[in-house]
Amino acid sequence: MTLYPALILDALKNVRYPGNGKNIVELEMVADDIRIDGMKVSFTLTFDKPTDPFMKSLVKSAASAIHTFISKDVDVTIHTESRQAARPEPGKLLPQVKNVIAVSSGKGGVGKSTVSANLAVGLAKLGYRVGLLDADIFGPSMPKMFGIEDARPCVEPVEGRELIAPVEQYGVKILSIGFFVDPSQATLWRGSMASNALKQLVADAHWGDLDYLVLDTPPGTSDIHLTLLQTLAITGAVIVSTPQQVALADAIKGINMYMNDKVNVPILGLVENMAWFTPAELPENKYYLFGKEGTKRLAEELNVPLLGQIPIVQSICEQGDNGSPIALNDDSLIAQSFMALAKNVVAQTEKRNAELAPTQIVEITTK
């Protein structure tokens, strides 16, 4: 039997791509590199992405088609390549991002997302290049807090890869799963699905050159936190808590997660949110609704900085709901509190970078 390229292509026309039902020759997946040496055949199958889920099954189907429609005696070698460059390995992601800051809380309802949004805006107002990743997959809030709920990020080609372009608002590059899901529906995903979605927002996005990438993490400790720790080298963590004892108890758990020997993410400091309430008609009065300076005392006990104390003010909630973080308001005393927070985060980050080695990603090994 004499083999020739057209015979090979005719056999491969019987292999269909599961995604659309078209054959792999019609889809131009068979590269122009068919090599024949007697009864030995080699060629390359080209896929759009290196992570194509049908890659292995199509290689087997292609070999089987040649054996079925030509001869079982054909020795087939099939190589694979992708049109899109492979995603960089964890630990080598986002080389253009100088600092990754995780904003975290032990429990929900302490204003962590509000702090994340205003911290990002504050850093941008200080002149830094800032990105904000809404890593709270099940409760994304950044699209609303920045007034960009209708935004739909586009995909752009960058160095051989198709990358998601973050939405820019108030000088901050923003990505959130909220851009891709129906906000009126619950996100019913298993942990692995949520983790994979988060990895895409990190690794398959065109963040570009950033001085700070702020991560608004979910409350507590979960698969999402582990995914972030395995994916990104986090420069440091900012812990948000109210002065309330039950909130502080949960904050300690979050702190312990980052300080774990296998994690080793430095704590840049604590933020006391809802520190006190001052009514507009009594601007000199402070009412400690959730206890007085509990977070401040915890910071002293742990020997970490208190980065800021943010009071309860109705305008914080109103401006967040209106899509305009209060840090944008230059005349507001609360905005000044958030600007002071941003300056303290910068100072502690620079101190951390001068005194400590870069953080390493968490590697999970199985035996």
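Provided above is the structure to which this section pertains.
Residues numbered from 1 in each chain as written. Predicted model: local features only at pLDDT ≥ 70, side-chain atom pairs only at ≥ 80, totals over all residues. Heavy atoms only, no water.

Trainee: Break down the environment of Val110 for me, citing the residues and quoting the values.
Mentor: Mapping Val110 onto the fold places it in the loop between strand S4 (97-104) and helix H3 (112-125). Val110 sits 96 residues away from Asn14 along the chain, and the two C-alpha atoms are 59 Å apart. Other than its neighbours up to four places away in sequence, Val110 contacts Ser105, Val240, Ser241, Thr242, Ala247, Asn273 and Met274. (Helix = DSSP H or I, 4+ residues; strand = E, 2+ residues; numbered from the N terminus. Contact = heavy atoms within 4.5 Å.)

Trainee: Before we move on, can you summarise the pattern of salt bridges with the specific residues and values?
Mentor: Here the structure, examined in full by the defined rule, presents seven salt bridges. A salt bridge links Lys13 to Asp10, with the nearest nitrogen and oxygen atoms 3.7 Å apart. In this structure, Asp250 and Lys253 form a salt bridge, with 3.6 Å as the shortest nitrogen-oxygen distance. Of this pair, Asp250 and Lys253 are both found in helix H7 (residues 245-259), three residues apart, which corresponds to roughly one turn of the helix. Linked through salt bridges whose partners overlap, the residues forming this network are Lys98, Arg129 and Asp211. (Salt bridge = Lys/Arg side-chain N within 4 Å of Asp/Glu carboxyl O.)

Trainee: Summarise helix H2 (residues 55-69); cite the residues concerned and give the values.
Mentor: For H2, which comprises 15 residues, the first-to-last C-alpha distance of 21 Å matches the rise-based estimate of 21 Å (1.5 Å per residue) to within 8%. Where H2 is buried, its residues meet helix H1 (5-12), strand S2 (40-47) and strand S3 (75-82). (Expected span 1.5 Å × (residues − 1).)

Trainee: Talk me through the packing of aromatic side chains; I want residue IDs and the actual numbers.
Mentor: The tally for this structure, following the rule as stated, stands at five aromatic pairs. On the basis of an interplanar angle of 85° and a centroid distance of 5.4 Å, the ring pair of Tyr128 and Tyr212 is categorised as edge-to-face. Of this pair, Tyr128 sits in the loop between H3 and strand S5 (130-134) while Tyr212 sits in strand S10 (residues 210-216); the two residues are 84 residues apart in sequence, bridging distant segments of the chain. What makes Tyr212 buried here is its relative accessible area of 3%. Taken together, a centroid distance of 6.5 Å and an interplanar angle of 80° make the contact between Phe179 and Phe180 edge-to-face. Relative accessible area serves as the criterion here: at 1%, Phe179 is assigned to the buried category. A cation over an aromatic ring shows up here: Lys286 above the ring of Trp276, its NZ or CZ 3.9 Å from the ring centre. (Phe/Tyr/Trp six-rings, centres within 6.5 Å; stacked < 30°, edge-to-face > 60°. Buried < 20%, exposed > 50% of the residue type's maximum accessible area, 1.4 Å probe, protein only. Lys NZ or Arg CZ within 6 Å of the ring centre and 35° of its normal.)

Trainee: Break down the pairing of strand S12 (residues 267-277) for me, citing the residues and quoting the values.
Mentor: Counting buried positions along S12 gives nine out of eleven residues, so the element sits mostly inside the fold. A crossover links strand S11 (residues 236-241) with its parallel partner S12, the connecting element being H7, and its sense is right-handed. In this region the chain leaves S12, passes through helix H8 (residues 294-302) and returns to the parallel neighbour strand S13 (residues 306-312); the handedness of that crossover is right-handed. (Right-handed = clockwise from strand over helix to strand, strands pointing away.)

Trainee: Any details on the environment of Ala102? Residues and values, ideally.
Mentor: Along the chain, Ala102 falls in strand S4. Assessed through its relative accessible area of 0%, Ala102 is described here as buried. When the C-alpha positions of Ala102 and Thr235 are compared, they lie 8.1 Å apart, and in sequence the two are 133 residues distant. Apart from residues lying up to four places away in sequence, Ala102 is in contact with Leu215, Thr217, Ile234, Gly236, Ala237, Val238 and Tyr258.

Trainee: Kindly report on the packing of H7 against H8, identifying the contributing residues and their values.
Mentor: In the contact formed by H7 and H8, the axes pass within 10 Å of each other and the chain directions differ by 35°. Considering how the two elements wind past one another, H7 and H8 form a crossing that is right-handed. Packed against H7, whose contacting residues are Gln245, Leu248, Ile252 and Ile255, the element H8 presents Gly294, Thr295, Arg297, Leu298 and Leu302 at the interface. For the contact of H7 with H8, the class distribution of residues is five nonpolar, three polar and one charged. (Axes fitted to C-alpha atoms, helices over the stretch in contact; angles between N-to-C directions. Left-handed = near helix turned anticlockwise from the far one by under 90°. Nonpolar A, V, L, I, M, F, W, Y, C, P; charged D, E, K, R; others polar.)

Trainee: Describe the pairing of S5, and please don't skip the residues or the numbers.
Mentor: Counted residue by residue, S5 has five buried out of five residues, so it is predominantly covered. Of the two faces of S5, the one carrying Val130, Leu132 and Asp134 and the one carrying Gly131 and Leu133 are both buried. Pairing of S5 with strand S9 (residues 172-176), which is carried by five bridges, proceeds in the parallel orientation. Bridge pairing in S9 links Leu133 to Leu175. The pairing of S5 with S10 spans five bridges and is parallel. From the neighbouring strand, Leu132 faces S10, where its bridge partner is Val214. (Pairing = 2+ DSSP bridges.)

Trainee: Which residues make up the sheet that holds S3, and what values go with them?
Mentor: Reading across from one edge, S1-S2-S3 is the order of the three strands in this open sheet, with mixed pairing throughout. At either end of the open sheet lies a strand with only one pairing partner, and these are strand S1 (35-37) and S3. The sheet shows a mean angle of 20° between the axes of neighbouring strands, taken without regard to direction. Of the strands in this sheet, S2 and S3 are in contact with H2, which crosses S3 at around 150°.

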